[in-house]
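Spelled out from the first residue to the last, the chains are:
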Amino acid sequence: MTTSAEDHAAPAPPRRAALLTGLALTAGTLAAGATAGCSAPRTSRPHDLTTPPAAPSAPPATATRGAPALAPAPRRYPGQPAEITHGPRTHPSRVALTFHGQGDPAVAKAVLGEAEKAGARVTVLAVGTWLDEHPDIARRILDGGHDLGNHTLRHLDINAMTETQAAAEIRGCADRLRRLTGSVGTWFRPSRSPRASPLVQRLAREAGYPHTLSYDVDSLDYTSPGATAVTRKVLAEVRPGSVVSLHFGYAGTVAALPGLLHELDRRGLRAVTTTELLS
């Protein structure tokens, strides 16, 4: 809020006004914070199920203007169910680490960096409003060789929505992904639930996703139990073909990842994208 004196001050020279505007925009970007994980409790508010926000009309100048279509389209996997919880158990050396994409982008980039140091590739299911706030993250994910998919527009309880509301959540995020990458992304995962209702599965198919993606190992990292607990939980349950649920936005997940990847490697399990797991 400005003071009365500032309200009536003479306009700043054009160069000074431009500098002030740039500083204000930078401060606004740095103020973004982390959000809760998929299974964390959440109190609904009256506006949660109203019409979702429209996608920005154009990407920021520093995002993906002029970029080619980077993300492959979703694929159908014959023999796989409509909702995939794990890959083939017969391939002895592959698992998929999947991340619910929202929260502090610096933490997300740290997770991606740790994975890449170990030669691992992951799957990111991004929240649409997170992509609105951090449009550069989509290209960062794809440039690292990772899968990028749809985790709904606003990360609400999609199974509790009406058909119209749920369709808007799925298509809203798909629109963001298409605008940023040229594709709706390779996967769709429901929000606030490990499983999609039959209605949500149908709506996802109609939006272009032949399968919904679930998981068979929940790291519970969103409860912030500490790196050791996250690693122990995953290693106690992971098997060849497993799909593991993890989250961006939690420092404990970043701390857990090097040890987790080292132990997976020691067991002969390589972290790959979900697309590679099923191919």
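Source: prediction; values computed, not measured.

Caption draft 1: How the structure looks around helix α3 (residues 105–117). For α3, spanning 13 residues, the distance from its first C-alpha to its last is 18 Å, which sits close to the expected 18 Å at 1.5 Å a residue. For α3, the secondary structure elements touched by its buried residues are β2 (94–101), β3 (123–126), α4 (128–133), α5 (136–143) and α9 (251–266). N-cap assignment for α3: the residue whose side-chain oxygen lies 2.9 Å from the backbone N of A106 is D104. Of the residues flanking the end of α3, it is G119, one or two places downstream, whose phi is positive at about 75°.

Caption draft 2: Molecular detail of the pairing of β3. Alternating residues of β3 divide into T123 and L125 and V124 and A126, and every residue in both groups is buried. Two strands pair when backbone bridges link them, and β2 and β3 are joined in this way by four bridges, in the parallel orientation. Across the sheet, residue F99 finds its bridge partner in β3, namely V124. Note that the unit made of β2, α3 and β3 has a crossover that is right-handed. As defined by bridge partners, β3 adjoins strand β4 (residues 147–150) across four bridges and the pair is classed as parallel. Bridge pairing in β4 links L125 to G149.

Caption draft 3: Local environment of unusual backbone geometry. Of note, H155 is a non-glycine position whose phi angle comes to about 60°, a positive value. Note on H155: relative accessible area 2%, which makes it buried. Backbone geometry at S224 places phi at a positive 55°, although glycine is not the residue there. Along the chain, S224 turns up in the loop between β6 (217–218) and α8 (227–237). You can call S224 exposed: its relative accessible area is 54%.

Caption draft 4: Representation of the pattern of salt bridges in the model. Across all of its chains, the model carries 15 salt bridges by this definition. Measuring nitrogen to oxygen at the nearest pair gives 2.9 Å for the salt bridge that ties D216 to R89. Of this pair, D216 sits in the loop between β5 (212–213) and β6 while R89 sits in the loop between β1 (83–84) and β2; the two residues are 127 residues apart in sequence, bridging distant segments of the chain. R178 is the partner of D175 in a salt bridge, and the nearest nitrogen-oxygen pair spans 3.0 Å.

How each quantity is defined
- Counting restarts for each chain, with residues numbered from 1 along the sequence as it is written.
- Local features in this predicted model are restricted to residues of pLDDT 70 or higher, and side-chain atom pairs are both shown and tallied only at a pLDDT of 80 or more, whereas totals for entire chains, interfaces and linings draw on every residue.
- The basis for the side-chain values is all heavy atoms of the structure; hydrogens and waters are excluded.
- What counts as a helix is a DSSP run of H or I of at least four residues, what counts as a strand is a run of E of at least two, and both are numbered from the N terminus.
- Every helix has an expected span of 1.5 Å times one less than the residues it contains.
- Between two residues, a contact is recorded if the distance between any of their heavy atoms is within 4.5 Å.
- Polar contacts, as counted here, are pairs of nitrogen or oxygen atoms within 3.5 Å of one another; within protein the pair requires one atom able to donate a hydrogen and one able to accept it, and residues that are adjacent in sequence qualify only if both atoms are side-chain atoms.
- Here the term buried applies to any residue with accessible area under 20% of the maximum for its type, exposed to any over 50%, and partly exposed to those in between, with areas from a 1.4 Å probe on protein chains only.
- Strand pairing requires that DSSP identify at least two bridges connecting the strands.
- The handedness rule is simple: strands pointing away from the viewer, and a clockwise path from the first strand over the helix to the second, make the crossover right-handed.
- Between Lys or Arg on one side and Asp or Glu on the other, a salt bridge is scored when a side-chain nitrogen of the former is within 4 Å of a carboxyl oxygen of the latter.

Nothing here speaks to function; it is geometry throughout.
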